[in-house]
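# Residue-level structural notes
Here is what each chain is made of, one letter per residue.
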Amino acid sequence: MWGLPPSDSVLHILSLVALAAQAMSAALAAGRRSMDWVGVCLLGCVTALGGGTIRDVVLGHYPLPWVENPSYLAITAIAAFATVLIARTVHRLTLAFLVLDAIGLVVFTMAGCDVAWQMNEPLAIVIVSGMITGCAGGVLRDVLCNDVPLLFRSELYASVSVVTGLFYATAFGLKLNDELWTVLTFVLGLTFRLLAIRYKWEMPKFVFNGEEK
Amino acid sequence: MWGLPPSDSVLHILSLVALAAQAMSAALAAGRRSMDWVGVCLLGCVTALGGGTIRDVVLGHYPLPWVENPSYLAITAIAAFATVLIARTVHRLTLAFLVLDAIGLVVFTMAGCDVAWQMNEPLAIVIVSGMITGCAGGVLRDVLCNDVPLLFRSELYASVSVVTGLFYATAFGLKLNDELWTVLTFVLGLTFRLLAIRYKWEMPKFVFNGEEK
Amino acid sequence: MWGLPPSDSVLHILSLVALAAQAMSAALAAGRRSMDWVGVCLLGCVTALGGGTIRDVVLGHYPLPWVENPSYLAITAIAAFATVLIARTVHRLTLAFLVLDAIGLVVFTMAGCDVAWQMNEPLAIVIVSGMITGCAGGVLRDVLCNDVPLLFRSELYASVSVVTGLFYATAFGLKLNDELWTVLTFVLGLTFRLLAIRYKWEMPKFVFNGEEK
């Protein structure tokens, strides 16, 4: 009874940290393309909030969290803009950022699963909802930076999201203890992601050279 | 009375085939950009289901078919992944693919018209809904592959979709026999598309060299 | 009492002009990439109507104006196609176009604020809604033309939209005389934008050369 709020509020705080971390990563990407200050803030907001926005639009889940609670917009815009001022420092904190980004991936995935679950979507959609929430913001960032999305090319990013979602959704199905399972999923997803980065795990690539038909 | 279900189920089977065909074409495009296996499946799903998704989001037509029935997701993901294994064979089947893709264009267009018609949208929106369903998935594919969309540059693709939609919508207006009209539209659209490919029909291009203002 | 309709209908006529102007600018961009006639019309429609579409989808504000009233689609498609025929003339009218585009930015921003205000969204969302309506169509255009969006890179475009929205929203809050405030906002926004163009005002850029992590 008293359990859920603490677990929920930890997740909530983690997701605010993750919002800021994703906005800051996006700001560095904006800086590599010499965007102006407004562009930096816009790219930060689109990256950090885009995944959840696409999820809610696809599921018809209104109102969107950042529309109901514009402080999310403020957090991401401020985090992105702050990056302009402290870019050198931010860039040096490579490790911290990788960890924050990994936390973001896992927390966003779990939040996305929660939303679909509360709408009584089928299991596959619960997992897809988690994956969209965790990954789609980065796809938007890469499209706006005129790159082929990193998500489609390398790293176990989507895979971490799917595994995290599967593990988390199992708990729903089994009606296990909520807090315990939340913590376990978080630790599992985070560990998987960090190991994938550390040991450069990659999915096999599909290289095809047939000419365009 | 017994007529509609058969016609409907033929359309339904054709649209499953079309989903798979579009996912496989997208997988080849992914291979040309050396995406990894996850990227191949994601690009396949976005391409095959993206047109219908954009249509439903724009029309506010919830729930989305693939959210209600995740087996569509499975079909596209499996078709895309299978392409990784049999890419050489798939690539050799150029003709078969062109036909399957043309079937997809026509069937998706008709399905899109149906959706808008059932929502009592005006005629112009019925046709636009068909065009979005038939064409928008390929636009998403090209944007994610970092290309200017083929749809905007060449081939009678959008035009086939518009003509198919116009012809199909006429039947709605005239309250003609459903099955007959469905078959006629299908044959007309498919023939138009295949002739356009065979004889390389193209829309005139607009080439403009004035410098950016 | 008789005041609002005139003010409204002036805004309405201005927004039709703005739709056409944005479609024509997009058509020139399409011509620079040698798109075909269908591509020109599609890019015109996506650019002119895309901002309002994204706003309505994000806010869950259905039905979309162009779905309810397909004449907007016709206006943009015709304006885009007409540009193919009179491209040289259009291109020579640089100044007229800059003014029309500036009118579009300001009028779309105000229309976007109105929509969010009528939905009782918080002030920040009213302004964001105006900015999405005014600016997002151009982002879609640039993504489909395979460019990094101009909005993120230069010119006081988003900033004009934000200032216009802030000024306009103040009137809502203060319950000032509607027509007067509408006119004042329009003049302010337009002046700001034209001055920004004339004197090449720009936001500072964030240039960051740290390598990708």
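In this text the structure is predicted, and so the values were computed from the model without any measurement. (Residues numbered from 1 in each chain as written. Chains lettered and ligands numbered in written order. Predicted model: local features only at pLDDT ≥ 70, side-chain atom pairs only at ≥ 80, totals over all residues. Heavy atoms only, no water.)

## Let's talk about the overall build of chain A
For clarity, the cut-off: Secondary structure elements follow DSSP: runs of H or I of four or more residues count as helices, runs of E of two or more count as strands, with numbering from the N terminus. Radius of gyration: over C-alpha atoms. The globule rule applied is 2.2 Å multiplied by the number of residues raised to the 0.38 power. In this scheme, a residue with accessible area under 20% of its type's maximum is buried, one over 50% is exposed, and one in between is partly exposed, where area comes from a 1.4 Å probe on protein chains only.
Within chain A, the regular secondary structure consists of 9 helices and 0 strands. When the helices and strands of chain A are placed in sequence order, the string is α-α-α-α-α-α-α-α-α. In summary, chain A has a C-alpha radius of gyration of 17 Å against a globular reference of 17 Å for 213 residues, a match within 12%. Overall size of chain A, expressed as C-alpha extent along the three principal axes, is 50 × 45 × 35 Å. Out of the 213 residues in chain A, the part that is buried amounts to 55%.

## With respect to the interface of chain C and chain A
Short version of the rule: Residue contacts are counted whenever heavy atoms from the two residues lie within 4.5 Å of one another. Throughout, buried area stands for the accessible area (probe radius 1.4 Å) lost by two parts on being put together, summed over both. Note on definitions: salt bridges are taken to be side-chain nitrogens of Lys or Arg within 4 Å of carboxyl oxygens of Asp or Glu. Polar contacts, as counted here, are pairs of nitrogen or oxygen atoms within 3.5 Å of one another; within protein the pair requires one atom able to donate a hydrogen and one able to accept it, and residues that are adjacent in sequence qualify only if both atoms are side-chain atoms.
Taken together, the contacts link 36 residues of chain C with 34 residues of chain A. Counting each side, the surface lost to burial between chain C and chain A is near 3,000 Å², with a carbon and sulfur contribution of 70%. There are 0 salt bridges connecting chain C and chain A. The interface formed by chain C and chain A contains 6 residue pairs in polar contact (both at pLDDT 80 or more).

## Quick notes on the relation of the copies chain C and chain A
Short version of the rule: Least-squares superposition aligns the copies on the C-alpha atoms of those residues with pLDDT at or above 70 in both.
Once chain C has been moved 0.0 Å along the axis and rotated by 120 degrees, it coincides with chain A to within an RMSD of 0.0 Å. Read as a symmetry element, the transformation amounts to a three-fold axis. The residues that chain C uses at the interface reappear at the interface of chain A in only 11% of cases, marking distinct surfaces.

## Notes on the pattern of salt bridges
All names here are of chain A. In this structure the tally under the stated criterion is 12 salt bridges over all chains. As a salt-bridge pair, Arg 55 and Asp 56 come within 3.0 Å of each other at their nearest N and O atoms. A relative accessible area of 6% places Arg 55 in the buried class.

## Brief notes about the interface of chain C and chain B
Applicable threshold: Gly is put with the polar residues, along with every residue not named as nonpolar or charged; the nonpolar set is Ala, Val, Leu, Ile, Met, Phe, Trp, Tyr, Cys and Pro, and the charged set is Asp, Glu, Lys and Arg.
Every contact between the two is made by 34 residues of chain C and, on the other side, 36 residues of chain B. Between chain C and chain B lies a buried interface of about 3,000 Å² when both sides are counted; carbon and sulfur atoms form 70% of it. When residues of chain C are sorted by the area they lose upon contact with chain B, Arg32(C), Asp36(C) and Leu144(C) head the list and together hold 19% of the total. Breaking the side of chain C that touches chain B down by element, the ones donating at least two residues are helix H1 (4-32), helix H2 (37-59), helix H3 (65-68), helix H4 (71-85), helix H5 (87-92), helix H6 (94-118) and helix H7 (123-144) of chain C. When residues of the side of chain C that touches chain B are assigned to their parent elements, the largest contribution, 8 residues, is made by H2(C). For the side of chain C that touches chain B, a count of residues per class yields 23 nonpolar, 8 polar and 3 charged.

## Considerations on the state of the cysteines
Residue and element names in this part refer to chain B. Definition in use: Only a pair of cysteine sulfur atoms within 2.5 Å counts as a disulfide in this structure description.
The full count for this structure, using the stated rule, is 0 disulfides over all chains. Free of any disulfide, Cys 113 has its nearest cysteine sulfur in Cys 135, 11 Å distant. For Cys 113, a relative accessible area of 0% gives the class buried.

## Describing the UniProt feature "transmembrane region" (unreviewed entry) in chain A
All names here are of chain A. Heads up, the condition is: UniProt positions are given in the numbering used here, feature names are shortened, and annotations may be inferred rather than shown by experiment.
UniProt annotation of "transmembrane region" (unreviewed entry) refers to residues 71-88, 95-117, 123-144, 156-174 and 180-196 when read in the numbering used here. With 100% helix and 0% strand, the stretch residues 123-144 has end C-alpha atoms that lie 31 Å from each other. Counted over residues 180-196, helix gives 100% and strand 0%. Its end C-alpha atoms are 24 Å apart.

## Remarks on helix H4 (residues 71-85) of chain A
Residue and element names in this part refer to chain A. Put simply, the test is: Under the convention used throughout, the expected extent of a helix is 1.5 Å for every residue step, that is, one less than its residue count. Our arc is simply the arc of the directions from the helix axis toward the C-beta atoms.
The end-to-end C-alpha distance of H4, which contains 15 residues, comes to 21 Å, matching closely the 21 Å that a straight helix rising 1.5 Å per residue would cover. Those residues of H4 that sit buried are Tyr 72, Leu 73, Thr 76, Ala 79, Ala 80, Thr 83 and Val 84. For H4, the buried positions fall inside an angular range of 155 degrees around the axis, keeping them on one side. For H4, the exposed residues set more than 90 degrees away from the buried face come down to Ile 78 and Leu 85.

## A look at the packing of helix H6 (residues 94-118) of chain B against helix H7 (residues 123-144) of chain B
Residue and element names in this part refer to chain B. Quick note on the threshold: Lines fitted to the C-alpha atoms define the axes, with helices restricted to the stretch that makes contact. Angles between their N-to-C directions range from 0 to 180 degrees. We call two directions roughly parallel when the angle between them is under 35 degrees, roughly antiparallel when it is over 145, roughly perpendicular when it lies between 65 and 115, and oblique otherwise. The hand of a helix crossing depends on one turn: near helix anticlockwise from the far one by less than a right angle means left-handed, and clockwise means right-handed.
Closest axis-to-axis distance for the H6/H7 pair is 7 Å, and the angle between their directions is 140 degrees. Considering their axes alone, H6 and H7 lie oblique with respect to each other. The hand of the H6/H7 crossing is right-handed. Of the residues in H7, those touching H6 at Leu 105, Phe 108, Thr 109, Gly 112, Cys 113, Ala 116 and Trp 117 are Ile 125, Val 126, Ser 129, Gly 130, Thr 133, Gly 134 and Cys 135. Looking at the contact of H6 with H7 residue by residue, the classes come out as 8 nonpolar, 6 polar and no charged.

## Side note on the nonpolar core
Generally speaking, a soluble globular protein has its nonpolar side chains buried in company with each other. As a reminder, the rule being used: Here, the term nonpolar core denotes a set of buried Ala, Val, Leu, Ile, Met, Phe, Trp, Tyr and Cys residues that are joined through side-chain atoms within 4.5 Å.
Counting residues in each nonpolar core, the largest one holds 214 residues, and the members touching the most others are Trp66(A), Trp66(B) and Trp66(C). Filtering out sequence-adjacent residues up to four positions away, Trp66(C) remains in contact with Val58(B), Ile125(B), Val128(B), Ile132(B), Leu49(C), Thr53(C), Tyr72(C) and Leu73(C).

## A look at the packing of aromatic side chains
Counted only if it meets this: Within 6.5 Å between ring centres, the rings of Phe, Tyr and Trp (the latter by its six-membered ring) count as paired, and their orientation is classed by plane angle as stacked under 30 degrees, edge-to-face over 60, tilted in between. Should the NZ of a Lys or the CZ of an Arg lie within 6 Å of a ring centre and within 35 degrees of the ring normal, that charge is described as sitting over the ring.
Overall, the coordinates contain 15 aromatic pairs over all chains when judged by the stated rule. Relative to Trp201(C), the ring of Tyr199(C) lies with its centre 6.4 Å away and its plane at 25 degrees, an arrangement referred to as stacked. Its relative accessible area of 49% is what places Tyr199(C) among the partly exposed residues. Put simply, the rings of Phe192(A), Tyr199(A) and Trp201(A) pair up and form one aromatic cluster. Stacked on the ring of Tyr199(C), the Lys or Arg Arg198(C) has its end atom at 4.9 Å from the ring centre.

## A closer look at the side chain of Thr185(A)
Residues and elements named next belong to chain A. With respect to the element layout, Thr 185 can be found in helix H9 (residues 178-198). Classification of Thr 185 by relative accessible area gives buried; the value is 0%. If sequence neighbours within four positions are ignored, Thr 185 has contacts with Val 106, Met 110, Thr 164, Phe 167 and Tyr 168.

## Side note on unusual backbone geometry
Here the bond from Tyr62(B) into Pro63(B) is cis, since omega is -10 degrees, no more than 30 degrees from zero. Along the chain, Pro63(B) falls in the loop between helix H2 (37-59) and helix H3 (65-68). Positive phi, close to 55 degrees, is recorded for Ser34(B), a residue that is not glycine. Structurally, Ser34(B) is set in the loop between helix H1 (4-32) and H2. Here the phi dihedral of Asn120(C) falls at roughly 60 degrees; this positive angle occurs in a residue that is not glycine. If you trace the backbone, Asn120(C) turns up in the loop between H6 and H7. On the accessibility criterion, Asn120(C) (70% relative accessible area) is exposed.

## Overview of the relation of the copies chain C and chain B
In screw terms, the move from chain C to chain B is a rotation of 120 degrees and a rise of 0.0 Å along the axis, fitting with an RMSD of 0.0 Å. With a heterologous cut-off of 20% or less, the 12% of interface residues of chain C that recur at the interface of chain B puts this contact in the heterologous class.

## Some details on the environment of Asp142(C)
Residues and elements named next belong to chain C. With respect to the helices, strands and loops of the structure, Asp 142 is situated in helix H7. In this structure the C-alpha to C-alpha distance between Asp 142 and Asn 209, which are 67 residues apart in sequence, comes to 24 Å. Those residues in contact with Asp 142 that sit more than four places away from it in its chain are Asp 147, Pro 149 and Leu 150.

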